[in-house]
Amino acid sequence: NEELITLQKNAKNWALPTGDYSNHRFSELNQITNKNVKDLVPVWTFSTGVLRGHEGNPLVIGDVMYFSTPFPNIVYALDLNNDGKILWKYEPKQDPSVIPVMCCDTVTRGVAYGDGKIILGQADTTLVALDAKTGQPVWSVKNGDPAKGETNTSAPQVIKDNVIIGISGGEFGVRGSVTAYDLKTGKKVWRGYSMGPDSDTLIDPEKTTALGKPVGANSGTNTWEGDQWKIGGGTTWGWISYDPELNLVYYGSGNPSTWNPVQRPGDNRWSMSVWARDADSGKVKWIYQMTPHDEWDYDGINEMVLTEQKIGGKERKLLTHFDRNGFGYTLDRVTGELLVAEKYDPAVNWATKVDMDKSSKSYGRPLVVPQFSTAHGGEDVNTKGICPAALGSKDEQPSAYSPLTELHYVPTNHVCMDYEPFRVSYTAGQPYVGATLSMYPPKGESNMGNFIAWDAKVGKIVWSNKEQFSVWSGALATAGNVVFYGTLEGYLKAVDAKTGEELYKFKTPSGIIGNVMTYEHKGKQFVAILSGVGGWAGIGLAAGLTDPNAGLGAVGGYAALSNYTALGGQLTVFALHGK
Ligand SMILES: O=C(O)c1cc(C(=O)O)c2c(n1)C(=O)C(=O)c1cc(C(=O)O)[nH]c1-2
Ligand SMILES: [Ca+2]
């Protein structure tokens, strides 16, 4: 099935949740440029009728735009010939008891397209394929069980004849996995687990490698104590990348469960890792663990950006990943060899660096500062001043990459935390968190976010723009040398790709945690963004919490968001004035 390879090459469309398989979020369209972007105006808008956090971005295929809302996960098909007239609407029936099982708001990161179908991953883990013309369900399968803490927020990715989908629930003791279903029928093709053997798949754990070295006869259960790996997290709720030449699928696994590190000694493989699996068989090619024995909730699920750039005079197939732990990693995506690991937020203090000495026992591992080790502190001890906070220097909000500038454009958080682990016992479907957090901007600073340009070949920040709040929106880079992103206050912003200079802003009706996308229709370039504040940063607002420090994930500094924005989903579509 080459359909999507062809569709993603035509810049008029936005055919994949990730824009393209490389996760560049770069568009060849160049009608809107750094010279004329100041003339951008909203041309039509659409209210989604749903509150809480609107993540993800619409797809555009031909004359139709498709997107999904947060719970109840309504899918809209809008007519681009008619300013977004509704062609069809699909509203799944879901038990609302799934809502409290979602850790970080009722978000969804969008739908996928393939073979004339729109694929939706519902919050309750039902994966449903809709006829793209009519919105009628063609098939549906259950990928997990909310009664066991399993939910879904991520966007599926269609690769060849399969739909690939991850799972959420790292805060509920879920055993993370990625599953491929047949695009035509919904039949399960393979499943690969993050913890323990891939028993119901074709994977040969003998062949599993880490840092290019064989791991041995088991795939990592020996880095856990007893059976803890069975409720060990490592969920897979991020963006999925694919290299058609290598036929490898790339994604990340999240935090080990529980957040209390004292309860799970060992490296906790393969939580917090980058994965490369064969797209057809699911077989593991290589794994690299960023944060062995996590003590801070630095989920490793952020997007894998696939580029071809020169390192040391040699053109290489690279994978760049901005991890929650604050390091920007560049690996060789053929072998998993680690090439660069540098801090992309100057505030990062929990580790001094990643050991790059190949002859060292700790090669590839972060060198942890004992003062900021929450396991070292122990249970019921509040370890203070750790940077970044559990939200990470970046969370799920995807970066963009321009092959023209060879720069990555990264929405970041600039937030620190106090972390107090406590003992917790496991009950299926109940939170299995085991730590209390409070989060705040770094000492002496007031901005909680930066939007940066990053050179992944050397691991350096090229420019950085301050934002009052975390930048929780996905970025877009274009051939017009413009970079777009949204802010939690609700601004859509355009900046110059080379210098970062702000060229345009427009305040949309609610805070932005969606990803900016662009498409062409009838010879005209459009830019579209979903507003609707929420997600982890906006959960206090989204869930109506009155105490900004209450509950899982409420963030002190974000209480001020309610001075800028209220809830409510809206799509805003922009074009050049008078064009
Ligand atoms: O471990 C998990 O399974 C899991 C799932 C999710 C999710 O599905 O949204 C988030 C997290 N963890 C998480 O740690 C986190 O910071 C987070 C932020 C958000 C968001 O959408 O704003 N989701 C999640
Ligand atoms: Ca998590």
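Each chain has its residues counted from 1, running along the sequence as written. Chains carry letters and ligands carry numbers; both start at the beginning, A for chains and 1 for ligands, and go up in the order they are written. Local features in this predicted model are restricted to residues of pLDDT 70 or higher, and side-chain atom pairs are both shown and tallied only at a pLDDT of 80 or more, whereas totals for entire chains, interfaces and linings draw on every residue.

As annotated in an unreviewed UniProt entry, the protein carries the name PQQ-dependent dehydrogenase, methanol/ethanol family and comes from Methylocella silvestris. UniProt positions are given in the numbering used here, feature names are shortened, and annotations may be inferred rather than shown by experiment. According to UniProt, the comment filed for the protein under the heading Sequence similarities (unreviewed entry) is "Belongs to the bacterial PQQ dehydrogenase family."

Caption draft 1: Layout of the overall build of the protein. Here a helix means four or more residues in a row that DSSP labels H or I, a strand means two or more in a row labelled E, and each is numbered from the N terminus. Scanning the protein for helices and strands turns up three helices and 40 strands. Reported as C-alpha extents along the three principal axes, the dimensions of the protein are approximately 65 × 55 × 55 Å. By residue count, 60% of the 579 residues in the protein fall in the buried class. Each residue gets a C-beta atom placed from its backbone, and two residues are in contact if those atoms lie within 7 Å. Long-range pairs, those at least 24 residues apart, make up 62% of the contacts in the protein between residues at least 6 apart in sequence. Between the buried cut of 20 or more and the exposed cut of 12 or fewer other C-beta atoms within 10 Å of a residue's own C-beta lies the partly exposed class, and all C-beta atoms are placed from the backbone.

Caption draft 2: View of the environment of lysine 230. Relative to the helices and strands, lysine 230 resides in the loop between β16 (213-214) and β17 (241-243). Lysine 230 sits in the partly exposed class, given 13 other C-beta atoms within 10 Å. For the pair formed by lysine 230 and serine 362, sequence separation is 132 residues and the distance between their alpha carbons is 27 Å. Excluding its chain neighbours within four sequence positions, the residues that come into contact with lysine 230 are Arg175 and Gly196.

Caption draft 3: The UniProt feature "active site" (unreviewed entry) in the protein, seen in detail. When the UniProt feature table is mapped onto this chain numbering, "active site" (unreviewed entry) sits at Asp297. Within the element layout of this structure, aspartate 297 appears in the loop between β20 (284-289) and β21 (305-311). Overall, aspartate 297 belongs to the buried group, with 29 C-beta atoms counted inside 10 Å. In this view, aspartate 297 contacts Asn255, Trp259 and Ala390; residues no more than four positions away in its chain are not counted.

Caption draft 4: Structural context of the nonpolar core. Here a nonpolar core is just a set of buried residues of the types Ala, Val, Leu, Ile, Met, Phe, Trp, Tyr and Cys, joined wherever their C-beta atoms sit within 7 Å. By size, the foremost hydrophobic cluster in this structure holds 163 residues, and its most contacted members are Tyr66, Val111, Val483 and Phe484. Element by element, the count of residues in this core is highest for strand β39 (residues 524-531), at five residues. With residues up to four places along the chain from it excluded, the contact list for tyrosine 66 reads Pro58, Leu59, Val75, Tyr76, Ala77, Val111, Tyr113 and Ile118.

Caption draft 5: Structural view of the sheet that holds strand β40 (residues 570-576). Being paired, for any two strands, means DSSP has found at least two bridges between them. The strand order across the open sheet formed by four strands is β2-β40-β39-β38, and the pairing between neighbours is antiparallel. With partners counted over all chains shown, the strands left at the sheet margins are β2 (40-47) and β38 (517-521), one partner each. Strand after strand, the sheet turns through a mean of 30 degrees between neighbouring axes, direction not considered. With seven bridges joining them, β2 and β40 adopt antiparallel strand pairing. Residue pairing across strands places leucine 40 opposite leucine 576, the latter belonging to β40. Angles here are taken between N-to-C directions and fall from 0 to 180 degrees, while the axes themselves are lines fitted to C-alpha atoms, restricted in helices to the stretch in contact.

Caption draft 6: Layout of the sheet that holds strand β29 (residues 407-413). With antiparallel pairing, the four strands of this open sheet are ordered in space as β28-β29-β32-β33. A strand with exactly one partner marks an edge of an open sheet, and here the two such strands are β28 (400-402) and β33 (460-467). Taken over all neighbouring pairs, the strand axes of this sheet differ in orientation by 20 degrees on average, direction set aside. Relative to β29, β28 is paired through three bridges, and the arrangement is antiparallel. Bridging from a neighbouring strand, serine 402 pairs with leucine 407 of β29.

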